[in-house]
Structures are given as C-alpha cells and as structure tokens.
Amino acid sequence: MARTQSADTRAGSHTRSGSSSKWRREARPTPGRLLMNGIERGSMSLGAVALLVLALPGLVHVDRFNQAQAQTKLTAKTSTPPDRAEAAAKAAATPAALPRQVVDMVEAILTAVRSGAIADLEDAVDWNEMKPDLGPTFVANPVAYWKALSRDGEGREILEILGKLLAGQPAVVPLGKDIENNRLYVWPAFADTPLSKLRPPEMEALAGLTTAQTLQTMREKDRYAGWRLVIGADGTWHSFRPD
C-alpha cells in the first residue's frame, strides 16, 4: 500500500511539474480564493479564519489598488502620442521669416562675416546680375572699396557692420506689382522709423550700430543715418550703403 501511495505521489508530482507552465499562466488568486482553499484543505484554524475574514476587505482593497496601478501603467505605455500632424499644421501656418532666396543670400554674406575675409563677399556679389548699389557713384571693385572705407584697411569693419545688421530682423517694404518679387527686406528694421518712436530694444540695437556721437546727431535729426542693407524677395542684393 505504501508503494502504491509513493507511486501515486510521484505521478502527481510529475503531473504538477509538467503543468507548471500552465499554472504560471493562470491569474494570481484573489484573497477570497485563498481563504476558500485554506478552509477546504483544513489547513487553517478557526482563529486564523476569523482573522482572515476580518482582514479580507482590506486585502481586496489592496488587490484592486494594485490592479488599478497596473492598468494605469499599461495605459501610459500604450497611450496615443501627441498629434504630430496638428503640430505640423500649426508650424506650416506660420509664415517663414524670410523667403528661401533671401535666406541663401544672407547666408552667403554671413559666410564672409564668419571667415573675417572681405574677399569672401565676392561670392555674394557675383550672385547678382548687377553689382549692388554701394554708394553715390558706381563701384566696380566692391572689395577694394570696402577695404578703403575700413579704418583697419582690411575690410573687417565692414564685415562687423554686416554681422550686426543681419543679427536683427528686417523691415518688409512692398515694391511693385510682381506677386513673387514685390517685397524688399531692409536692415535695420527701423531704418525708416523716426528715432523718437523707437522702442527700448530698437534703441539698444541702434546704439550697437554706431558711435555715441553719431547717435546723438541722429537723435537731433530724429532719423536713422547709418548703414542700410537691402535684399529683394528673389535674393537679389540691391544695396549696402550708409544713408
């Protein structure tokens, strides 16, 4: 009889071992289910049963709380990401600060500014069919002209002025009836604004473009009288000259 029980025990152990993967897939037993199993097997005393019955509402609450927490984490992982299409639509609705052609010309000028070599401005000048207006008379050799104007004799002062101008936003001036090329972009933006109407940030930018003495003269005349850079909507470099 003992041998039969031993065999049955081994068989049962083998069956449970073979079914362990199935057990692992089953849901975690609830507190109520644990209580019923303990009572049915007779493995719990009446005192333990009483204590478990008293604690059962709290255990159920904790179990439900844990389930809610798990569901919250799952929802957070699988929630739909923000609508990128809506963000893209808003970005597309905001017009670009400058047309692509203007950006290209500005970048060509700033390339020379970053290099510190006035000769690098020739690339930007050569993009035009005609040379930009640089002064009261026609300038056949812009690089030589800029070097002559600079106090250092190398044109670095001109590059510094261009860099300061392009660091700010331009004014947009309508010109002509050509829909695709009826705008001029003028630096500085306040070039045609009376100085008495400039806001503090604009006055600060103006002070960085000129000397204190020249600024005082401008204040007396209530008008800007410094360097002005003009680029057309099609990327044409129209002019760069002091007023």
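Presented here is a report on the structure given in the accompanying data block. Residue positions are counted from 1 within each chain, in the order its sequence is given. Local features in this predicted model are restricted to residues whose pLDDT is 70 or higher, and side-chain atom pairs enter the listing and the counts only when it is 80 or higher, whereas totals over whole chains, interfaces and linings include all residues. In computing side-chain values, all of the structure's heavy atoms are included and hydrogens and water are not.

Take the packing of aromatic side chains next. Any two of the Phe, Tyr and Trp rings considered here, Trp counted by its six-membered ring, make a pair once their centres fall within 6.5 Å; the pair's planes then place it as stacked at under 30 degrees, edge-to-face at over 60, or tilted in between. Per the stated rule, a full pass over the model turns up four aromatic pairs. A connected cluster of aromatic rings, assembled from ring pairs, spans W146, W227, W237 and F240.

Burial classification: accessible surface area is computed with a 1.4 Å probe over protein chains only, and a residue below 20% of its type maximum counts as buried, one above 50% as exposed, and the rest as partly exposed. Helical segments are the DSSP runs of H or I of at least four residues, strand segments are the runs of E of at least two, and each set is numbered from the N terminus. Among all positions of helix α9 (residues 156–166), only I158, L159, I161, L162, L165 and L166 are buried. Here the buried residues of α9 occupy an arc of 160° about the axis, which is enough to place them on one side. Buried residues belonging to α9 abut α6 (100–115), α7 (121–126), α8 (142–149), β2 (183–187), β3 (227–232) and β4 (237–242). The directions considered for the arc run from the helix axis to the C-beta atoms. The contact criterion used is simple: two residues touch if any of their non-hydrogen atoms lie within 4.5 Å.

Let us look at the nonpolar core. Ranked by internal contacts, the top residues of the largest apolar core, which has 42 residues, are W187, W237 and F240. Take this core: its biggest share by element is seven residues, from α6. As used in this record, nonpolar core signifies buried Ala, Val, Leu, Ile, Met, Phe, Trp, Tyr and Cys residues forming a set joined through side-chain atoms within 4.5 Å.

Side-chain pairs of opposite charge can arise whenever the charged atoms involved come near each other. Here a salt bridge means any side-chain nitrogen of Lys or Arg lying within 4 Å of a carboxyl oxygen belonging to Asp or Glu. Per the counting criterion, the structure on display carries eight salt bridges. Its salt-bridge partner being D133, residue R241 comes within 3.1 Å of it at the nearest N-O pair. Here D133 lies in the loop between α7 and α8 and R241 lies in strand β4, a separation of 108 residues in the sequence. When its relative accessible area of 32% is taken as the criterion, D133 is described as partly exposed. The partner of E202 in a salt bridge is R199, and the shortest N-O contact between them spans 3.4 Å. Three or more residues joined by partner-sharing salt bridges are found here, namely D192, R228 and D243.

Read these as geometric descriptors, not functional statements.
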